[in-house]
Amino acid sequence: MLYPLQGEWTETQYLALNGTNRMVELSSGCLEILPMPNPFHQRVVDYLFSLLKAFVVARGLGEVFFAPLPVRLWAGKFREPDIMFFRPGRIVSPRKQPDGADLAMEIVSEGEENRERDLEIKRREYASAKIPEYWIVDPELGQITVLWLEGEGYRVHGVFAVGAKATSVLLPGFEVEVSAVFTAGSAGKETL
């Protein structure tokens, strides 16, 4: 199968890539190949997903998913947050990619390019897409930054380090012990 050149990918062609063994996002007609997750990353995703899903389901607040699930930010822009929360009614069709999300979580992967993507690029993009809350889970710094949409951009709700509890603005009462997140990632075999 011949694929389009970078810069010429359409949403339809991108979404037809199902079955690829890579994490791929679409940006302005170009494919962005993301790093393959490692066990640490997946353990952190599993831990946070389990906590968030239990909280949301117990209160009937909506749905929680994890990647891979491309989320359409705007025409020609799809991202795959590691974890995403959707209020009831946001997902219009269960057979189509959702437009936006209500909360996105990204676990920052190693490497300068990945850090820039999660800390700067996705921060701007998620704000432009009007995603109300964005959590940046940063294993390198041992912290979770919770951003809250205010106007056209995010303001910092909190930068939560090991020993603190990260809290949500969108979901009052949802909190996560930062130490437990990173301990889950290393399966309790390493200490911070």
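Coordinates for the structure precede this section.
Residues numbered from 1 in each chain as written. Predicted model: local features only at pLDDT ≥ 70, side-chain atom pairs only at ≥ 80, totals over all residues. Heavy atoms only, no water.

A. Focus on the overall build of the protein. Each helix and strand in the protein was counted, giving 4 helices and 12 strands. Projected onto the principal axes, the alpha-carbon positions of the protein cover approximately 50 × 35 × 30 Å. Residues counted as buried form 44% of the 192 residues belonging to the protein. Long-range contacts, defined as pairs at least 24 residues apart, comprise 47% of the intrachain contacts of the protein with a sequence gap of at least 6. Accessible surface for the protein amounts to roughly 10100 Å². Of this, 53% is attributable to carbon and sulfur atoms. (Helix = DSSP H or I, 4+ residues; strand = E, 2+ residues; numbered from the N terminus. Buried < 20%, exposed > 50% of the residue type's maximum accessible area, 1.4 Å probe, protein only. Contact = heavy atoms within 4.5 Å. Areas by Shrake-Rupley, 256 points an atom, 1.4 Å probe, with all protein chains shown as cover.)

B. Geometry of the pairing of strand β4 (residues 71–74). Judged from the 3 bridges that link them, β4 and strand β5 (residues 77–79) form a sheet pairing that is antiparallel. Across the sheet, residue Trp 74 finds its bridge partner in β5, namely Lys 77. What sits between the antiparallel neighbours β4 and β5 is a turn of 2 residues, in which Gly 76 has the positive phi angle 80 degrees. (Pairing = 2+ DSSP bridges.)

C. Summary view of the packing of aromatic side chains. Inspection of the entire model under this criterion finds 6 aromatic pairs. Seen from their ring centres, Phe 49 and Phe 66 are 4.9 Å apart, and the 85 degrees between their planes marks the pair as edge-to-face. One end of the pair, Phe 49, is in helix α2 (residues 39–59); the other, Phe 66, is in strand β3 (residues 63–66), and 17 residues separate them in sequence. Judged by centre distance (6.2 Å) and plane angle (40 degrees), the ring pair of Tyr 134 and Tyr 154 falls under tilted. A residue pair is termed long-range when its members are at least 10 positions apart, and Tyr 134 in strand β8 (residues 133–138) and Tyr 154 in strand β10 (residues 153–161) qualify at 20 residues. Each member of the pair, Tyr 134 as well as Tyr 154, is classed as buried. Through a chain of ring-to-ring contacts, the aromatic side chains of Phe 55, Trp 135 and Phe 174 assemble into a single cluster. Its end group placed over the ring of Phe 55, Arg 59 keeps NZ or CZ at 3.7 Å from the ring centre. (Phe/Tyr/Trp six-rings, centres within 6.5 Å; stacked < 30°, edge-to-face > 60°. Lys NZ or Arg CZ within 6 Å of the ring centre and 35° of its normal.)

D. Summary view of the pairing of strand β2 (residues 30–34). Pairing between strand β1 (residues 23–27) and β2: 5 bridges, direction antiparallel. Counted as the bridge partner of Ser 27 is Cys 30 from β2. Here β1 folds back onto β2 in antiparallel fashion, the turn holding 2 residues, of which Ser 28 has a positive phi close to 50 degrees.

E. Just the packing of α2 against helix α4 (residues 178–185), in detail. The N-to-C vectors of α2 and α4 enclose an angle of 135 degrees; their axes lie 7 Å apart at closest approach. Relative to α4, α2 is oriented oblique. Judged by the sense of rotation from one axis to the other, the crossing of α2 with α4 is right-handed. Residues Pro 39, Phe 40, Arg 43, Val 44, Tyr 47 and Leu 48 of α2 pack against Ala 180, Val 181, Phe 182, Ala 184 and Gly 185 of α4. Of the residues that constitute the contact of α2 with α4, the class distribution is 9 nonpolar, 1 polar and 1 charged. (Axes fitted to C-alpha atoms, helices over the stretch in contact; angles between N-to-C directions. Parallel < 35°, antiparallel > 145°, perpendicular 65-115°, else oblique. Left-handed = near helix turned anticlockwise from the far one by under 90°. Nonpolar A, V, L, I, M, F, W, Y, C, P; charged D, E, K, R; others polar.)

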